[in-house]
Amino acid sequence: MSWRKRFDIAWRMLRPFTLTASLVPTLVGTGLAVAQHHFRWGEFLAFLLASVLIQSATNMFNEYFDYRRGLDSEEMVGISGTIVRDGIRPNVVLATAWTLVCLAVLLGVYICATTSWWVALVGTACIAVAYLYSGGPKPLAYTPFGEIAAAASMGPTIVLLAYYIETGYISPSAWAASVPIGLLIGLILLGNNIRDMDQDRAGGRHTVPILMGRDRGRKLFAIVCALVYALTLGFVVAGVLTPWALLVLLTIPSAVYVVRLFFRHTEPAKLHPAVKGTSILLFRFGALMFAGLLAAAWFPLR
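Residues numbered from 1 in each chain as written. Predicted model: local features only at pLDDT ≥ 70, side-chain atom pairs only at ≥ 80, totals over all residues. Heavy atoms only, no water.

Caption draft 1: Focus on the overall build of the chain. Per the secondary structure count, the chain includes 13 helices and 0 strands. When the helices and strands of the chain are placed in sequence order, the string is α-α-α-α-α-α-α-α-α-α-α-α-α. In terms of overall size, the chain behaves like a compact globule, its C-alpha atoms giving a radius of gyration of 19 Å where 302 residues would be expected to give roughly 19 Å. Along the three orthogonal principal directions, the C-alpha set of the chain runs to about 55 × 45 × 35 Å. Burial statistics for the chain: of 302 residues in total, 52% are counted as buried. Taking all contacts inside the chain whose residues are at least 6 apart in sequence as the whole, residues at least 24 apart take part in 76%. Of the roughly 13,800 Å² that the chain leaves accessible, carbon and sulfur atoms contribute 69%. Of the charged side chains in the chain, 24 are positive and 15 negative; the average position of the first set lies 4 Å away from that of the second. (Helix = DSSP H or I, 4+ residues; strand = E, 2+ residues; numbered from the N terminus. Rg over C-alpha atoms; globule rule 2.2 N^0.38 Å. Buried < 20%, exposed > 50% of the residue type's maximum accessible area, 1.4 Å probe, protein only. Contact = heavy atoms within 4.5 Å. Areas by Shrake-Rupley, 256 points an atom, 1.4 Å probe, with all protein chains shown as cover. Lys, Arg positive; Asp, Glu negative; His and termini not counted. Charge placed at Lys NZ, Arg CZ, Asp CG, Glu CD.)

So, in structure tokens, the structure goes:
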């Protein structure tokens, strides 16, 4: 196998389009800290890399356990397919996942040593969720709580941790910024489960769209999407977030486009762009939030 082929497989195993769910909350939490004139390069880089490593490991755990349970096939949309398409041994995928977790733990030790060992407690809980999402006797991905677990552990938790390791405390603005980010991350999982309803139902899963039905699942997606913007606007009006945060309203056309895709199609192949679009929406939303927070540091509007 050529090095180019190896790199392609490794890249797909990471599922890079999903990594916005770890990059964005880290940037938003750090942006809040920078706006309050706190920043540590070492802790920022270590936390950013640790977050990406844990999410990448989560993706690999998901691929390994879905294969073991017979859920993945060559025809499936949205999977990396390194096991079912490229012939990578399942144990290699699992070992790689645990290696990434170990690297993240080492980075966590550095972060704890320079900030607080309470970070280790939260980090351990996040790693447990990463494994239990698709592993263990009763995986979260098989229940209606998968979206909630992902939204909480990768939204507010990462935003607040990123903020805390820079400042040493948690502020109301950090809580406020973390909520819409968490909702958008939850939407990625909700969209993924809407796309995969037929395969998930056959595999014995009981996700939110399966329990609610496709139509109600799509309506829930649209409602939560609108709530993201309503809450952001409300936090700005209440003075908890800087008016610069309203830059995120520029992403509304992207949100409308994604919602329309979910209402227009039912086939997994045609819904996959909607799932990717939700991940892109999170990236755009987070980038504009980050830019707004930085702008507030130099050009305060209140």
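Caption draft 2: Looking closely at unusual backbone geometry. For His37, which is not glycine, the phi torsion reads 65° and is therefore positive. Mapped onto the fold, His37 is located in the loop between helix H2 (20–35) and helix H3 (41–68).

Caption draft 3: Spatial organisation of the nonpolar core. Core analysis: the largest hydrophobic core is formed by 72 residues, its most contacted members being Val28, Ile181, Phe221, Phe262, Leu282, Phe285 and Met289. Among all residues touching Met289, those that are not within four sequence positions of it are Val28, Thr232, Leu241, Ala245 and Val248. Leu71, Tyr142, Ala150 and Leu189 belong to the second largest nonpolar core, which has 6 residues in total. (Core = buried A, V, L, I, M, F, W, Y, C linked by side-chain atoms within 4.5 Å.)

Caption draft 4: Layout of the packing of aromatic side chains. A full pass over the atoms with the stated rule returns 11 aromatic pairs. When the centroid spacing of 4.9 Å and the interplanar angle of 80° are considered together, the rings of Phe39 and Trp41 count as edge-to-face. We classify Trp41 as exposed; its relative accessible area is 58%. Ring centres 5.3 Å apart and planes at 85° place the aromatic pair Phe61 and Tyr131 in the edge-to-face group. Placement of the pair is Phe61 in helix H3 and Tyr131 in helix H5 (residues 118–132), with a sequence separation of 70 residues. Among the residues examined, Phe61 registers a relative accessible area of 1% and is labelled buried. (Phe/Tyr/Trp six-rings, centres within 6.5 Å; stacked < 30°, edge-to-face > 60°.)

Caption draft 5: The pattern of salt bridges, seen in detail. Inspection of the entire model under this criterion finds 7 salt bridges. For Asp66, the salt bridge goes to Arg205, with nearest N and O atoms at 2.8 Å. Separated by 139 residues along the polypeptide, Asp66 in helix H3 and Arg205 in the loop between helix H9 (197–202) and helix H10 (208–212) bring together distant segments of the chain. Among the residues examined, Asp66 registers a relative accessible area of 7% and is labelled buried. Note on Arg205: relative accessible area 7%, which makes it buried. Between Asp215 and Arg218 there is a salt bridge, and its shortest N-O distance comes to 3.9 Å. Of this pair, Asp215 and Arg218 both sit in helix H11 (residues 214–237), 3 residues apart, which is roughly one turn of the helix. (Salt bridge = Lys/Arg side-chain N within 4 Å of Asp/Glu carboxyl O.)

Caption draft 6: Focus on the environment of Leu121. Mapped onto the elements, Leu121 comes out in helix H5. Classification of Leu121 by relative accessible area gives exposed; the value is 55%. Residues Leu121 and Pro209 lie 88 residues apart in sequence; the distance between their C-alpha atoms is 32 Å.

Caption draft 7: Spotlight on a nonpolar patch on the surface. Taken together, the side chains of Phe39, Trp41 and Leu45 make up a nonpolar region of the molecular surface, amounting to roughly 340 Å² of accessible area. Mapped onto the elements, Leu45 comes out in helix H3. On the basis of relative accessibility, which here comes to 46%, the residue Leu45 falls in the partly exposed class. (Patch = residues over 30% accessible without salt bridge, like charges linked within 9 Å, V, L, I, M, F, W, Y side chains within 5 Å.)

Without other data, these values stay purely geometric and don't point to any function.
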